[in-house]
Amino acid sequence: MLNNHRNSPTNLLSALPMRNLLLRFPLATSLILLLWQPAAAQPEAITAFQLINERLKHMEDVAMYKSVNGLPVEDLPREKIVIENAVLAAESQELLGNSIEGFFIAQINVAKAIQYRSLADWLSSPISKPIPDLPNQIRPKLTELGDEIVKELALLLSLEGRIEESLRESFHLHMSVNKVSAAEVDLLFDSLLLVRSN
């Protein structure tokens, strides 16, 4: 007797000759293939995912500036400001502030992981790029991206009610940042699942 995982649609399709399956059960086969397709992400979700990815891409530059200027990766007063601003932006967009707070905390933790990994890389391969200006260029851009992320999430929730688990695969596909693990991408998405509107 076959166990449960062998009874999945994909394993049944691979176990039977495709020609016989199509000839005997054309309608059933079509339905299985249709239902098995990954969920298509809404344009608003894709935009939000791209903005999150773009914001994380700046973290190597943040690490570069901190390294050259002898600053620590962890900056708790700055993190507090980022979270407070995110909550205010969220509430102005009719999102629950405490739900967006969890997402920005997750972003900050992933951002610090990227910075630590960048510093580790530079131990054996010194920085060779121009040093970016954190206070005057990068931070204003990060603030702008944070506000845009909140707006897109608010728009998405106004249309869909919530972020669905079915979007996880799309989120992974849009995270192209170096030095971010699959587990960290899941951490970010898990926090997005908790974002709520008023």
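Quick notes on the rules
- Residues numbered from 1 in each chain as written.
- Predicted model: local features only at pLDDT ≥ 70, side-chain atom pairs only at ≥ 80, totals over all residues.
- Heavy atoms only, no water.
- Helix = DSSP H or I, 4+ residues; strand = E, 2+ residues; numbered from the N terminus.
- Expected span 1.5 Å × (residues − 1).
- Buried < 20%, exposed > 50% of the residue type's maximum accessible area, 1.4 Å probe, protein only.
- Arc of directions from axis to C-beta.
- Contact = heavy atoms within 4.5 Å.
- 1 Å grid on protein atoms, 1.4 Å probe; cavity = no way out; pocket = protein on both sides within 12 Å on 5 of 7 lines; lining within 4 Å.
- Points joined across faces, edges and corners; volume = space filled by probe spheres on them.
- Nonpolar A, V, L, I, M, F, W, Y, C, P; charged D, E, K, R; others polar.
- Core = buried A, V, L, I, M, F, W, Y, C linked by side-chain atoms within 4.5 Å.
- Axes fitted to C-alpha atoms, helices over the stretch in contact; angles between N-to-C directions.
- Parallel < 35°, antiparallel > 145°, perpendicular 65-115°, else oblique.
- Left-handed = near helix turned anticlockwise from the far one by under 90°.

Chemist: Tell me about helix H6 (residues 76-92), and name the residues and values.
Modeler: Here H6 spans 24 Å end to end across 17 residues, near enough to the 24 Å set by a 1.5 Å rise per residue. Along H6, the residues classified as buried are Glu-79, Val-82, Ile-83, Ala-86, Val-87, Ala-89 and Ala-90. In a view along the axis of H6, the buried residues occupy a sector of 165°, so they form one face of it. Exposed side chains of H6 directed beyond 90 degrees from the buried face belong to Pro-77, Lys-80, Leu-88 and Ser-92. Where H6 is buried, its residues touch helix H4 (43-57), helix H7 (97-124) and helix H8 (134-160). Glu-94 lies just past H6 and shows a positive phi near 65°.

Chemist: Got a sec to walk through H8? Specific residues and values, please.
Modeler: Look at H8: 36 Å from first C-alpha to last across 27 residues, which is about the 39 Å you get at 1.5 Å a residue. Three or more residues of H8 are buried, namely Leu-134, Ile-138, Leu-142, Leu-145, Gly-146, Ile-149, Val-150, Glu-152, Leu-153, Ala-154, Leu-156 and Leu-157. Its buried side turned inward, H8 meets H4, helix H5 (59-68), H6, H7 and helix H10 (182-193). Taken from the residues just after H8, Gly-161 is the one with a positive phi, measuring 90°.

Chemist: Summarise the layout of surface pockets; cite the residues concerned and give the values.
Modeler: By volume, the largest pocket is sized at about 400 Å³. Lining of the largest pocket is provided by 22 residues; of these, Arg-55, Arg-78, Val-82, Ile-108 and Leu-142 occupy positions nearest its centre. Breaking the lining of the largest pocket down by element, the ones donating at least two residues are H5, H6, H7 and H8. Among the elements that make up the lining of the largest pocket, the one with the highest residue count is H8 (6 residues). Class assignment for the residues of the lining of the largest pocket results in 10 nonpolar, 4 polar and 8 charged.

Chemist: Describe the nonpolar core, naming the residues involved and giving the relevant values.
Modeler: Core analysis: the biggest nonpolar cluster contains 46 residues, and Ile-100 and Phe-103 have the highest contact counts within it. Within the residue set of this core, elements represented by two or more residues are H4, H5, H6, H7, H8 and H10. When residues of this core are assigned to their parent elements, the largest contribution, 10 residues, is made by H8. Among residues more than four places away in sequence, those in contact with Ile-100 are Ala-86, Val-87, Ala-90, Leu-95, Val-150, Leu-153 and Val-195.

Chemist: Account for the packing of H4 against H7, naming residues and giving values.
Modeler: The N-to-C vectors of H4 and H7 enclose an angle of 40°; their axes lie 10 Å apart at closest approach. The orientation of H4 relative to H7 falls into the category oblique. Crossing hand, H4 versus H7: right-handed. Across from Ile-52, Arg-55 and Leu-56 in H4, the residues of H7 making contact are Phe-103, Gln-107, Val-110, Ala-111 and Ile-114.

Function-wise, these values are silent; they only describe arrangement.
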